[in-house]
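# Descriptive analysis of the structure
Given next are the chains, with one letter for each unit.
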Amino acid sequence: MHSPHLSPSSRIAIAGAGLLGRLVAWQLARAGHPVDVFDPLPDPTARGAAGWTAAGMLSPVAELECADADVFALGLRSLDLWPDLVAGLPAGVDLHRRGSLLLAHRGDEGSAQRVVGLLADKAPPGHAPQSLPLNELASLEPDVRGPAHAWLLPHEGQIDTVQAMAALAEGARSAGARFHWGQAVTRTEAGALHTGEGRFTADWVFDLRGTGARPQLPVRGVRGEILHLHAPGVRLSRPVRLLHPRHRVYIVPRRDDRILVGASEIESEDRSPISLRTTVELLAAAHSVLPALAEARVVHTETNLRPALPDNLPRLESEPGLTRINGLFRHGWLIAPALAERALVTLQIPETSA
Ligand SMILES: Cc1cc2nc3c(=O)[nH]c(=O)nc-3n(C[C@H](O)[C@H](O)[C@H](O)COP(=O)(O)OP(=O)(O)OC[C@H]3O[C@@H](n4cnc5c(N)ncnc54)[C@H](O)[C@@H]3O)c2cc1C
């Protein structure tokens, strides 16, 4: 029989070394627990987890288009948690909170107003999209040209996911967590997980396998394709989203003149490279609001699968000896710190110090 709570010396086993696996491993290792992490990927730099591919927008309001009040609350809480988390990591991670912009072209007012109205209805007072006159848009983002309408979401942020994935793994490793790369977990249960090498026991197991948690959870992968541009001289300070009647497009700045353009959302588990159609649609839309991108170079493309449950909402399940978290879908970076906090507080694990 497992205790419903963890003691300070409880041994932890984690299935999955993606975003959640790294975050939970780091927090528990820092709190002094012996931690073992299992993942089928060959090493910490292999980019199989969706966490690497994500644009890293921390957008509680914009995500309300396809999320509920709990995701919004988890997002706001995570925005408060990220600064201390990042400050405690062993390497620098770019984290900004400059807000984000919604843009719409003339002629697309109908679909844009539908989305803005939906966000305004679902967001609590003080968080609704703020209509932004075009002269103010020009002073915030001088290279954004072409849209006829703009709205500011002032509280939103962004994180560099590639830096964060690397730093979380290194933070966990240097705090004593042991990573077992190349080992897929076939099943989890209270107090144990199963790999090809046998049964591994622990006082508490965290099942954080994303799309790999089937058949124990009805999770599916939702294909997302994204492009990385090198765009020297293009000025962009915050994520922008174009509200287009046919597809959603966002443009996210990163350091070293990099700009990400994403992302498709396709009901398919196909991980093959980006399609011509997605490339054309995303880049044409991005160029239509940021014409300075014309001479940018496409330096990288990436495809990955967002782990989603049937209701597209996150799920946290706990029983003595086992916690499962899954279904982070398109908001993993937005909500992971608060979900991890919720899981660990329930288990009465002492707070870690940053
Ligand atoms: C194109 C794209 C853009 C995105 N943009 C954003 C964004 O802007 N903002 C945002 O908040 N979120 C975004 N996301 C979503 C975010 O990346 C995910 O919600 C998040 O990564 C989910 O975290 P996770 O730890 O549950 O899963 P993952 O990060 O996918 O990690 C799962 C891990 O489990 C491992 N695993 C799989 N099978 C097994 C097994 N059998 N045994 C052990 N381990 C296993 C995998 O190898 C992987 O390492 C985006 C995702 C994509 C694809």
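Residues numbered from 1 in each chain as written. Predicted model: local features only at pLDDT ≥ 70, side-chain atom pairs only at ≥ 80, totals over all residues. Heavy atoms only, no water.

## A few points about the site of the ligand
Around the ligand, 33 residues are found, and the nearest of them are D39, V185, F329, W333 and L334. Between the ligand and L328 there is a distance of 3.4 Å, counted from an oxygen atom to a backbone nitrogen or oxygen. L334 places a main-chain nitrogen or oxygen 2.8 Å from an oxygen atom of the ligand. Its free accessible area being 1000 Å², the ligand has 94% of it covered by the protein chains. Only α1 (19-30), β2 (35-39), α2 (50-53), β18 (297-308) and α8 (332-346) provide two or more residues apiece to the shell around the ligand. (Near = heavy atom within 4 Å. Polar contact = N/O pair within 3.5 Å; in protein donor to acceptor, adjacent residues only side chain to side chain. Areas by Shrake-Rupley, 256 points an atom, 1.4 Å probe, with all protein chains shown as cover. Helix = DSSP H or I, 4+ residues; strand = E, 2+ residues; numbered from the N terminus.)

## Remarks on the side chain of S59
Take S59: it is sitting in the loop between β3 (57-58) and α3 (69-88). For S59, the side chain forms a polar contact with the side chain of R241, separated by 3.0 Å. Excluding anything up to four places from it in sequence, S59 contacts E156, R241 and L334. (Contact = heavy atoms within 4.5 Å.)

## Quick notes on the sheet that holds strand β11 (residues 192-195)
Across a sheet, strands are paired by hydrogen bonds formed along the backbone, either parallel or antiparallel in direction. As summarised here, the arrangement of the 3 strands in space is β10-β11-β12, forming an open sheet in which the pairing is antiparallel. The open sheet has two edge strands with one neighbour each: β10 (185-189) and β12 (198-201). When the angles between neighbouring strand axes are averaged without regard to direction, this sheet yields 20°. Inspection of the sheet shows β10 paired to β11 by 4 bridges, in the antiparallel sense. When the bridges of β11 are listed, E189 appears paired with A192. (Pairing = 2+ DSSP bridges. Axes fitted to C-alpha atoms, helices over the stretch in contact; angles between N-to-C directions.)

## A look at the nonpolar core
In terms of nonpolar packing, the biggest core is built from 51 residues, with I12, I14, V35, I159, F206 and W333 touching the most fellow members. Every element with two or more residues in this core is listed here: β1 (12-15), α1, β2, α3, α6 (161-174), β13 (204-207) and α8. Ignoring anything within four residues of it in the chain, the contact list for F206 reads I12, A13, I14, A15, V24, L28, T323, L344 and L347. Core analysis: the next-biggest nonpolar cluster, separate from the first, contains 26 residues, V144, L152, V249 and V289 among them. (Core = buried A, V, L, I, M, F, W, Y, C linked by side-chain atoms within 4.5 Å. Buried < 20%, exposed > 50% of the residue type's maximum accessible area, 1.4 Å probe, protein only.)

## A short note on empty space enclosed by the protein
The tally for this structure, following the rule as stated, stands at 1 cavity of 30 Å³ or more. Here the largest cavity defines a volume of roughly 60 Å³. What lines the largest cavity is A62, E65, L102, V115, L119, R241, L243, R248, V249 and Y250. Those elements giving two or more residues to the lining of the largest cavity turn out to be α4 (109-122), β15 (240-243) and β16 (248-254). Of the residues forming the lining of the largest cavity, the biggest block, 3 residues, is contributed by β16. Of the residues belonging to the lining of the largest cavity, the class tally is 7 nonpolar, no polar and 3 charged. (1 Å grid on protein atoms, 1.4 Å probe; cavity = no way out; pocket = protein on both sides within 12 Å on 5 of 7 lines; lining within 4 Å. Points joined across faces, edges and corners; volume = space filled by probe spheres on them. Nonpolar A, V, L, I, M, F, W, Y, C, P; charged D, E, K, R; others polar.)

## Quick look at the pairing of β12
Note: β11 against β12, 4 bridges, orientation antiparallel. Note that in β12 the partner of T195 across the bridge is G198. What sits between β11 and β12 in their antiparallel hairpin is a turn of 2 residues.

## Here we look at the pairing of strand β14 (residues 220-230)
Across the 11 residues that make up β14, a large majority, 9, are buried. Bridge count for β14 against β18 is 11 bridges, and the pairing is antiparallel. Bridging across to β18, E225 finds its partner in T303. Here β14 runs beside strand β17 (residues 258-262); their pairing, made up of 5 bridges, is antiparallel. Directly across from I226, in β17, lies its bridge partner G262.

## Some details on the environment of F38
Relative to the helices and strands, F38 resides in strand β2. Residue classification places F38 among the buried residues on the basis of a relative accessible area of 3%. A C-alpha to C-alpha distance of 5.8 Å links F38 and G16, two positions 22 residues apart in sequence. Contact partners of F38, with chain neighbours within four places excluded, come to I14, A15, G16, A17, H180, Q183, V185, L193, T195 and F200.

As far as function goes, none of this settles anything; it's purely spatial.
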